[in-house]
Amino acid sequence: MSKLHRVTLTAAAILISTGLHAADAIDYPGDYRQWTHAKSMTVHAGHALETPFKGIHHVYANAAAVDGLRGGEYADGASFAFDQFDYVTRDKLSTEGKRVLLGVMVKDRARFPDTGGWGFEAWAGDSRSQRLVNDGGQSCYGCHTQVEKRGYVFTEWRD
């Protein structure tokens, strides 16, 4: 058996064991920092979302997601990136610390019919391979159902 064949079989076994199919895998969006910055916020200790979202958050939207934010309807291909950092506070000033995770939402009704047409993925820290979503996006979607009337998107457009 060739090395490439072993690697392919190993990757397939990992995808099957996690319940994620190769067709449903979301790629790391290497260009997300070139998208439109849509929002920033900080989740502090004591907030209901502290675990796991304590930190500074920057939300980026690709062009299709910006159209959805402005018009209320999200076309397939709309994507959001949620860049989360620890924060460091000194002298009454908070700045970004280490990256906690990069989360992504991708609209694709055919690939993700069980989660409102959105696929969800996250990567730990600065990793482009250590995936954090292991339930097909169900836990992410469960929270996003709170904003179903806004297309499952928490971020709102502000001029």
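Treat the numbers as computed from the prediction; the structure is a model and nothing was measured. Residue indices follow the written sequence of each chain, beginning from 1 at its first position. At least 70 in pLDDT is required for a residue's local features to be given in this predicted model, at least 80 for side-chain atom pairs to be given and counted, and no such filter applies to totals for whole chains, interfaces and linings, which use all residues. By convention in this description, side-chain values take in all heavy atoms of the structure and omit both hydrogens and water.

Caption draft 1: Summary view of the sheet that holds strand β5 (residues 118-124). Spatial ordering of the open sheet is given by β1-β2-β3-β4-β5, a layout of five strands whose pairing is antiparallel. Where the open sheet ends on each side, the last strands, each with one partner, are β1 (36-43) and β5. Between one strand axis and the next, the sheet turns by 25° as a mean value, whatever way the strands run. Pairs of residues are marked as contacts when any of their non-hydrogen atoms sit within 4.5 Å. Only the contacting stretch of a helix is used when fitting its axis, a line to C-alpha atoms as for every element, and angles between N-to-C directions run 0 to 180 degrees. Helix and strand assignments come from DSSP, with helices taken as H or I runs of at least 4 residues and strands as E runs of at least 2, each series counted from the N terminus. Along the sheet face, helix α3 (residues 63-71) touches β1, β2 (55-61) and β3 (79-90) and points at about 95° away from the line of β2. Think of it this way: DSSP has to see at least two bridges between two strands before they count as a pair.

Caption draft 2: Broad picture of the pattern of salt bridges. Salt bridges are identified by distance alone: a Lys or Arg side-chain nitrogen within 4 Å of an Asp or Glu carboxyl oxygen. As enumerated under the stated definition, the model contains six salt bridges in all. One salt bridge in this structure joins Arg109 and Asp76, with 2.8 Å as the shortest N-O distance. In this pair, Arg109 sits in the loop between β4 (93-107) and β5 while Asp76 sits in the loop between α3 and β3, placing the two residues 33 residues apart along the sequence. Close ionic contact of Arg131 with Glu121 constitutes a salt bridge, the shortest N to O distance being 3.0 Å. With Arg131 in the loop between β5 and α4 (138-144) and Glu121 in strand β5, this pair connects stretches of sequence that are ten residues apart. Look at Glu121 and you get buried, because its relative accessible area is 4%. Put simply, Asp83, Arg99 and Asp126 are held in one network by salt bridges that share partners. Summary of the burial criterion: residues with accessible area below 20% of their type's maximum are buried, those above 50% are exposed, and those between are partly exposed, where the area comes from a 1.4 Å probe applied to protein chains only.

Caption draft 3: Main features of the packing of aromatic side chains. Ring pairs shown here join Phe, Tyr and Trp side chains whose ring centres sit within 6.5 Å, with only the six-membered ring taken for Trp; geometry is labelled stacked below 30 degrees between planes, edge-to-face above 60, and tilted in between. Counted according to the given criterion, the structure contains seven aromatic pairs. Considering the side-chain rings of Tyr32 and Tyr60, the 5.5 Å spacing of their centres and the 70° angle between planes classify their relative orientation as edge-to-face. Placement of the pair is Tyr32 in the loop between α1 (3-18) and β1 and Tyr60 in strand β2, with a sequence separation of 28 residues. When the ring of Tyr141 is compared with that of Tyr152, the centres are 5.3 Å apart and the planes differ by 45°; the resulting orientation is tilted. Pair noted here: Tyr141 is in helix α4 and Tyr152 is in the segment after α4, with a separation of eleven residues, a long-range link. Three or more aromatic residues joined by ring pairs make a cluster, and in this case those are Tyr74, Phe80 and Trp118.

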